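Report on the structure
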Amino acid sequence: MLWTYVAVAAIAVVVLLILFRAVWRVAEPNEALIISGLGAHSSTEQVNETLGFKIVVGRGTAVLPGFQTVRRLPLDIRATPLTVTCVSSQGIPLHIKGVTAYKVGDDYGSIANAARRFLEQSDEQVMSTIHELFAGHLRAIVGSTTVEEMLHDRETLTTNIRGSLAGDMEKLGLVVDSLQIQEIDDESGYIRNLGRPQAAAVEAAARIAQAERDREATEREQVAAAAKAAAIRESEIAKAGYQAEVDQATSKSFQAGPLAAALAKQEVVVAETETAKLNASLAEKQLESSVLKPADAEAYRQRTLAQAARDAQIAGAEANAREVQLRGEAQAKATELTGKAEASAVQAKAMAEAAGIKARAEALATNTDAVVAQQLAEAYPEIVRAASSSFDKVGNMVVLNGAQGIEDTLVKTITMGGSGFALAKQLIESLATKKPEDEKPLLEPVPDNPA
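Owing to the predicted nature of the structure, the values given are computational and were not obtained by experimental measurement.

Further remarks concern the packing of helix α2 (residues 108-118) against helix α5 (residues 154-172). Axis separation between α2 and α5 bottoms out at 6 Å; the angle between their running directions is 75 degrees. Taken as axis vectors, α2 and α5 run roughly perpendicular relative to one another. Listed contacts from α5 to N113, A114, R117 and F118 of α2 are E170, K171 and L172. A class-by-class count of the residues in the contact of α2 with α5 yields three nonpolar, one polar and three charged.

Have a look at this one:
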């Protein structure tokens, strides 16, 4: 159902477009639409009279097919040639050729007049009508004008013709854009004879002018010849002067030969002198650059090396002296410290020994056996070693009684140790009874700074 509605609507639109194109007409810029028929009439704003048709220019309008008719009236410009045979006011037959350009006027009144007269006519009919109209007015204007006036003032002739045509052209709804008279001729030769006096005068003036030109040319030729002769004379004089100068120069050249040679030799001597000076200067520069400057450089190098060696020796000697001084000071200081250390050690040792003796004395006074035992224990290895040394020279020792004999030998040795212990005890006790001031020091004191 929907598609049916769409199809009907499309058909309706197409029908409306077709109807619109069938009833709608548009006037082109160079034409006017003349519509006649039912309801077609012009407004009073367009023309002063009521017309039985409608004029449309530059726009579109609706036309009812079958009830109204539309025709197109061209408004563009058209041209038509003019060939008219007429007689001047002097009775001289003339043949006049020209061309005119015309068009329908732009106002509604001109369009209405042209539509009434030329709407159904062809271009040939319109051009024929215009030609007859122009020919009539042209004959009238030429019949009141002389040939001389037409020849000398064609602008006035065309103006008079256009003024005479204005009323009739307006009735036809036409406007003359241009009118040109191209040619005026006659069969009797009047116009040609009119030109003869002027032609004779022109010819005479031309001959006179030619004669004047010939005379001027002759005068100029004579002047040119005189000038040529003067120029030749001046040239010969100049040549003679030039030859004299050449001869003089030649003579001078013969005489100037020896002088030129002498001058050239003098210049050579001067040049050689300058060359010698330059060579001497160059040798001096070379000597300076190859001998003096290297010698100065070598001397400067030797002085620099000697000064550097001397400064190095001075610095080395100063360093050695300082080293000896520092070494002596260090040795003296070390000797001093060593002596003090040794003295302190000896003093400490003596004081320790004295303290030990005192302690032993006090211990001996209180416990003699313990002290003796300690001393023997400390010296027992030496005692045994001393006792066993008696057997060093014994090569073979025979022990009787086997194990019993070895045991007896050991017992005797130990018994000797016991007797030694008793002897030591007596010695220590005897020492303990002595006074300290009666004792002789075991070690002599060591001086602080031994020689």
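Let us now look at the pairing of strand β6 (residues 78-87). In this sheet, strand β7 (residues 93-104) lies alongside β6 in antiparallel orientation, the contact comprising 10 bridges. When the bridges of β7 are listed, R78 appears paired with Y102. From the end of β6 to the start of β7, which pair antiparallel, there are five residues, and G91 there has a positive phi angle of about 85 degrees.

The three strands lie next to each other as β3-β2-β5, forming an open sheet whose pairing is antiparallel. The two strands at the open ends of the sheet, each matched to only one other strand, are β3 (53-57) and β5 (68-74). Direction aside, neighbouring strands of the sheet carry axes that sit 25 degrees apart on average. As defined by bridge partners, strand β2 (residues 31-37) adjoins β5 across seven bridges and the pair is classed as antiparallel. Bridging from a neighbouring strand, S36 pairs with T69 of β5. Relative to the sheet, α2 contacts β2, β3 and β5, its axis offset from that of β3 by approximately 125 degrees.

Below, the discussion takes up the sheet that holds strand β8 (residues 174-185). Strand order in the open sheet formed by three strands is β6-β7-β8, with antiparallel pairing between adjacent strands. Of all the strands in the sheet, the pair left with one neighbour each is β6 and β8. For this sheet, the mean angle separating the axes of adjacent strands, direction not counted, is 25 degrees. Against the sheet, helix α3 (residues 123-143) contacts β6, β7 and β8, and its axis sits at roughly 35 degrees relative to β6. With respect to the sheet, α5 is in contact with β7 and β8, its orientation differing from that of β8 by roughly 145 degrees.

Glancing now at the pattern of salt bridges. Counting across every chain of the model gives seven salt bridges. Between R213 and E216 there is a salt bridge, with the nearest N and O atoms lying 3.1 Å from each other. Placement of the pair is R213 and E216 together in helix α6 (residues 190-366), with a separation of three residues, close to one helical turn. Owing to a relative accessible area of 26%, E216 belongs among the partly exposed residues under this scheme. Where D311 meets R310, a salt bridge forms, and the shortest distance between an N and an O atom there is 3.8 Å.

Here we come to the packing of α3 against α5. Relative orientation of the contacting elements α3 and α5 amounts to 140 degrees, with a least axis distance of 9 Å. Of the possible angle classes, the one that applies to α3 and α5 is oblique. Considering the relative orientation of α3 and α5, their crossing is right-handed. Contacts from I130, L133, F134, H137, L138, I141 and V142 in α3 reach L157, N160, I161, S164, L165, D168, M169 and L172 in α5. Tallied by class, the residues present in the contact of α3 with α5 amount to 11 nonpolar, three polar and one charged.

In this model α3 runs 30 Å from its N-terminal to its C-terminal C-alpha over 21 residues, within 8% of the 30 Å that 1.5 Å per residue would give. All of the buried residues along α3 are V126, I130, L133, F134, A135, H137, L138, I141 and V142.

Structurally, the position occupied by H137 is in helix α3. For H137, the side chain forms a polar contact with the side chain of D168, separated by 2.5 Å. Residues contacting H137, with those up to four places away along its chain left out, are S164, L165 and D168.

With that settled, the discussion passes to the confidence of the model for the protein. For the protein, per-residue confidence averages 75 on the pLDDT scale, and 74% of positions sit at 70 or higher. Summarising per-element confidence for the protein, the mean pLDDT is lowest in helix α8 (residues 403-433) (55) and highest in β7 (88). Low pLDDT (under 50) marks residues 435-451, which in the prediction has six contacts with non-local residues, meaning those over four places away or in another chain.

So, how was this worked out
- Residues numbered from 1 in each chain as written.
- Predicted model: local features only at pLDDT ≥ 70, side-chain atom pairs only at ≥ 80, totals over all residues.
- Heavy atoms only, no water.
- Axes fitted to C-alpha atoms, helices over the stretch in contact; angles between N-to-C directions.
- Helix = DSSP H or I, 4+ residues; strand = E, 2+ residues; numbered from the N terminus.
- Parallel < 35°, antiparallel > 145°, perpendicular 65-115°, else oblique.
- Contact = heavy atoms within 4.5 Å.
- Nonpolar A, V, L, I, M, F, W, Y, C, P; charged D, E, K, R; others polar.
- Pairing = 2+ DSSP bridges.
- Salt bridge = Lys/Arg side-chain N within 4 Å of Asp/Glu carboxyl O.
- Buried < 20%, exposed > 50% of the residue type's maximum accessible area, 1.4 Å probe, protein only.
- Left-handed = near helix turned anticlockwise from the far one by under 90°.
- Expected span 1.5 Å × (residues − 1).
- Polar contact = N/O pair within 3.5 Å; in protein donor to acceptor, adjacent residues only side chain to side chain.
- pLDDT = per-residue confidence, 0-100.

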